[in-house]
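Structural description and commentary
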Amino acid sequence: MGLFVILRPGPYICAEWELGGLPAWLLQSSTISLRSSDPDYLAAVDKWFAVLLPKMKPLMYQNGGPIISFQVENEYGSYFTCDYNYLRHLREVMRSFLGEDVLLFTTDGNRVQELNCGTLQGIYATIDFGTTDDVNSSFRIQRQFEPEGPLVNSEFYVGWLDYWGVEHSIIPTGNATKMLEEMLQLGANVNMYMFEGGTNFGFWNGADYNAKYRPITTSYDYNAPLSEAGDPTEKFYALRDVIRKFRDVPVGPVPPPTVKFAYGSVPVTKYGALLDFLNVLAPGGAVTSTYPLTFEQMQQYYGFLLYRTLLPQTIEKPLPLMSSLNGVHDRGYVLVNRVYKGLLERDNILALNITGSKGDTLDIVVENMGRINFGSCLLDFKGLVKNLSLASTELTIWSMFSLAIDDAVGKGWPHSIQQEGEDSTVQAHGPTFYYGTFESPRAQDTYIRLQNWVKGQVWINGFNVGRYWTDRGPQETLYVPKNILNENSPNNVTVLELERAPSEPSVVFLDYAILNPKG
């Protein structure tokens, strides 16, 4: 495309990605210190860079390629470890693979304390800030650490991310254009974040922790100049007009938005409860332990894990099933003898009243809603991270089933199994699968909407499109790129509804996104 590349190879990248882009298997060690000189962590980093960086060297500008610079870590000054030896290690490893002439830089927030911990001699220090900050005072702070050289806002926030249960973020176009013009008048360099929106497909969204756990939506549209689908917006044209005052912009028309198609309503059939298919979804069977094991201990890093035990006593009057130490990370869907009773939710719902008889099966399907990607709480273990109790009685002897749902659906399940679906007119409660098909003779980008559903996961042709949470919002449609659709055979839709499906279950494909239902 003729574009230069500024590469952020990590190892930590943030970007609202699960665990900031670090692999969850690092958390097999419960004592590991991420983003530090911890030998176990550095060994993993070195192994990663030894594979990645040699592939990047021929793509460097010096070697005729497009990569003009490499970012070292990301906003390290915002992290509590403040380990200069770690930054030195990254600097030396990157230079050893990429050469002494590589241009390395750091980026940090526009506060002195962040630059104190995030910068290192020999790595050019840049800053990042958004439309509510003051341009001159921000660059004065950069100048304290880089007296000479370019002024750089390496993450200019022209939009912002969304959390489930919070209104869609909008950064007014006028605010973005005003500040961009201010920076360009100073001769500063600006990298817009995000310039194009994206999607947290599958289980890849991250989360923040500000007094409570806040998972990020599947859509990463970000209110960016180019939308989640890559389409130009009003903000794109307005920013382009500002840039035009300082630089030539490409001649000719801007490429138009991609074609979207509304494939319409698709009825789906209830296939059955999740617990009916453990032979398919948990082929390895159960692992038994006195106390519950985490996702990381089970080496099931994403998605869902089933925890099972037996009620230790008969409960005629409801007793609370309690997560008194806030130990459900992140949502637990509770069933007694396969009957859905409700849920436990991290930071929000720590007790659920249940009844039952001694020896009844207590099942809890635990969902990992995405690991924290920013701040001091990166050691975000998933599952039942603390034990549960029934009133004052601690529950023991647990069986854990790793649920390989992505693998099963990716291989064509449940559409590949010739069996009749269940009666969809009987409304199901608790984790339940639904399936359907639709035709797309001409594959085009589209958006799937699950109106009147509550919360769950959607796959199309085995591709994990992501989480929906209609009940909480704000996102009401999921982006479906055309390349996952079939033109010559039916498209398979698989839905895992975790709480309650509508009485007449269907999904609908629209030719527009609904990210801000109140807007």
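Presented here is an overview of the structure given in this document. Here the structure is a predicted model, which is why all the values come from computation and not from measurement.

This paragraph deals with helix H6 (residues 234–244). Turn by turn, an α-helix covers 3.6 residues, leaving residues three or four places apart pointing in a common direction. Lys-235, Phe-236, Leu-239, Arg-240 and Val-242 are the residues of H6 that are buried. Projected down its long axis, H6 shows its buried positions confined to an angular sector of 155 degrees, all on one face. Buried residues in H6 make contact with helix H5 (173–185) and strand S6 (189–193).

What follows is about a nonpolar patch on the surface. Taken together, the side chains of Phe-4, Ile-6, Tyr-61 and Ile-68 define a hydrophobic patch exposed on the protein surface, amounting to about 430 Å² of accessible area. Locating Phe-4 in the fold gives a position in the segment before strand S1 (5–7). On the accessibility criterion, Phe-4 (56% relative accessible area) is exposed.

Spatially, the four strands line up as an open sheet ordered S19-S15-S22-S23, and their pairing is antiparallel. Strand pairing shows two members of the sheet lacking a second neighbour, strand S19 (351–356) and strand S23 (393–394), which therefore form its edges. Pairing of strand S22 (residues 389–390) with S23 involves two bridges; the strand directions are antiparallel. The residue bridging Ser-389 from the neighbouring strand is Glu-394, located in S23.

Counting residues in hydrophobic clusters, the biggest one holds 40 residues, and the most contacted among them are Leu-34, Tyr-41, Phe-49, Phe-70, Met-94 and Leu-98. Looking at this core, the elements that each hand over two or more residues are helix H1 (39–56), strand S2 (67–71) and helix H2 (84–98). Top element by residues in this core is H1. It accounts for eight residues. Here Met-94 is in contact with Pro-9, Phe-49, Leu-53, Phe-70, Gln-71, Val-72, Gly-99 and Leu-104, once residues within four sequence places are set aside.

Rules behind the numbers
- Residues numbered from 1 in each chain as written.
- Predicted model: local features only at pLDDT ≥ 70, side-chain atom pairs only at ≥ 80, totals over all residues.
- Heavy atoms only, no water.
- Buried < 20%, exposed > 50% of the residue type's maximum accessible area, 1.4 Å probe, protein only.
- Helix = DSSP H or I, 4+ residues; strand = E, 2+ residues; numbered from the N terminus.
- Arc of directions from axis to C-beta.
- Contact = heavy atoms within 4.5 Å.
- Patch = residues over 30% accessible without salt bridge, like charges linked within 9 Å, V, L, I, M, F, W, Y side chains within 5 Å.
- Areas by Shrake-Rupley, 256 points an atom, 1.4 Å probe, with all protein chains shown as cover.
- Salt bridge = Lys/Arg side-chain N within 4 Å of Asp/Glu carboxyl O.
- Pairing = 2+ DSSP bridges.
- Core = buried A, V, L, I, M, F, W, Y, C linked by side-chain atoms within 4.5 Å.

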